[in-house]
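Listed here are the chains, written in short residue letters.
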Amino acid sequence: MDCLFCRIIAGQIPGNFVHQDETMVAIKDVNPQAPLHVLIIPRRHIATLNDLSVEDDALVGSLFRRAAAIAKEHGYDERGYRTVFNTNGEAGQSVFHIHLHLLAGRGLEWPPG
Ligand code: 5GP
Ligand code: ZN
């Protein structure tokens, strides 16, 4: 298995888990870009958003609903937070197993860099 996130999900590499269920996990980002920086990751390996099919619609919806729940648990639901999928090179995707970034706890600039 050469995918970093598949290895974390399998328990072969440690992760700081904030949520786990049958379809996804959520872990703290090892290099946080905000006071709260969590990655919400489906257990199934999907390389990029380009690889999604209609059967994945409910899964993707559940990733966003989990992000909202984690933001609320940490008290950021009203203050605000950002959810981002990076896809391929120009967006800076570095791990090719889709993951929804949840960023909160500081003012976030727009447009992003
Ligand atoms: P991407 O650049 O693909 O959108 O996001 C990959 C994210 O994974 C980065 O924010 C990076 O800090 C994070 N990351 C890379 N390696 C590890 C790791 O071993 N553990 C955790 N928890 N996060 C990682
Ligand atoms: Zn994977």
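Data block above holds the structure.
In this text the structure is predicted, and so the values were computed from the model without any measurement.

### Some remarks on the nonpolar core
- Judged by nonpolar contacts, the single largest core of 17 residues is most densely connected at Leu-36, Val-38, Ile-40, Leu-63, Ile-70, Leu-100 and Leu-102.
- For this core, the secondary structure elements donating two or more residues are strand 2 (24-28), strand 3 (36-42), helix 2 (57-73) and strand 5 (100-104).
- No other element matches helix 2, which puts five residues into this core.
- Setting aside residues no more than four positions away along its own chain, Ile-70 makes contact with Val-18, Ala-26, Val-38, Ile-40 and Leu-102.

### What about empty space enclosed by the protein?
- If you walk through the whole model with that rule in mind, you get one cavity of 30 Å³ or more.
- Looking at the largest cavity, the residues that line it are Thr-48, Leu-49, Phe-85, Asn-86, Thr-87, Gln-93, Ile-98 and His-99.
- Residue composition of the lining of the largest cavity, by class: three nonpolar, five polar and no charged.

### Some remarks on the coordination of the zinc ion (ligand 2)
- At this site the zinc ion (ligand 2) is bound by Cys-3 (SG), Cys-6 (SG), His-45 (ND1) and His-97 (ND1), with donor distances of 2.0 to 2.3 Å.
- What the four donor atoms of the zinc ion (ligand 2) show is an angle range of 106 to 117° at the metal, which sorts the shape as tetrahedral.

### Description of unusual backbone geometry
- Looking along the chain, the bond that leaves Trp-110 and enters Pro-111 is cis, with omega of 0°.
- Mapped onto the elements, Pro-111 comes out in the segment after strand 5.
- Within the chain, Asn-88 stands out as a residue other than glycine whose phi angle is a positive 65°.
- Assignment of secondary structure puts Asn-88 in helix 3 (residues 88-91).
- On the accessibility criterion, Asn-88 (31% relative accessible area) is partly exposed.

### Let's talk about the packing of aromatic side chains
- Applying the stated rule across the entire model yields one aromatic pair.
- Aromatic side chains Phe-64 and Phe-85 sit 5.8 Å apart centroid to centroid with 70° between the ring planes, which places their arrangement in the edge-to-face category. Of the two residues, Phe-64 is situated in helix 2 and Phe-85 in the loop between strand 4 (81-84) and helix 3; the sequence distance between them amounts to 21 residues.

### Section: the site of ligand 1
- Contacts to ligand 1 come from 16 residues, most closely from Asp-29, Asn-86, Ser-94, His-99 and His-101.
- Between Asn-86 and ligand 1, the recorded distance is 2.9 Å, taken from a side-chain N or O atom to an oxygen atom.
- In this structure, an oxygen atom belonging to ligand 1 sits 2.9 Å away from a side-chain N or O atom of His-99.
- When ligand 1 is considered free in solution it has 520 Å² of accessible area, and contact with the protein chains removes 80% of it.

Thresholds, definitions, all that
Residues numbered from 1 in each chain as written. Chains lettered and ligands numbered in written order. Predicted model: local features only at pLDDT ≥ 70, side-chain atom pairs only at ≥ 80, totals over all residues. Heavy atoms only, no water. Core = buried A, V, L, I, M, F, W, Y, C linked by side-chain atoms within 4.5 Å. Buried < 20%, exposed > 50% of the residue type's maximum accessible area, 1.4 Å probe, protein only. Helix = DSSP H or I, 4+ residues; strand = E, 2+ residues; numbered from the N terminus. Contact = heavy atoms within 4.5 Å. 1 Å grid on protein atoms, 1.4 Å probe; cavity = no way out; pocket = protein on both sides within 12 Å on 5 of 7 lines; lining within 4 Å. Points joined across faces, edges and corners; volume = space filled by probe spheres on them. Nonpolar A, V, L, I, M, F, W, Y, C, P; charged D, E, K, R; others polar. Donors = N, O, S within 2.8 Å, 3.2 Å for Na, K, Ca; no water. Tetrahedral: all angles 85-135°; square planar, octahedral: opposite > 155°, others 65-115°. Phe/Tyr/Trp six-rings, centres within 6.5 Å; stacked < 30°, edge-to-face > 60°. Near = heavy atom within 4 Å. Polar contact = N/O pair within 3.5 Å; in protein donor to acceptor, adjacent residues only side chain to side chain. Areas by Shrake-Rupley, 256 points an atom, 1.4 Å probe, with all protein chains shown as cover.

Nothing here speaks to function; it is geometry throughout.
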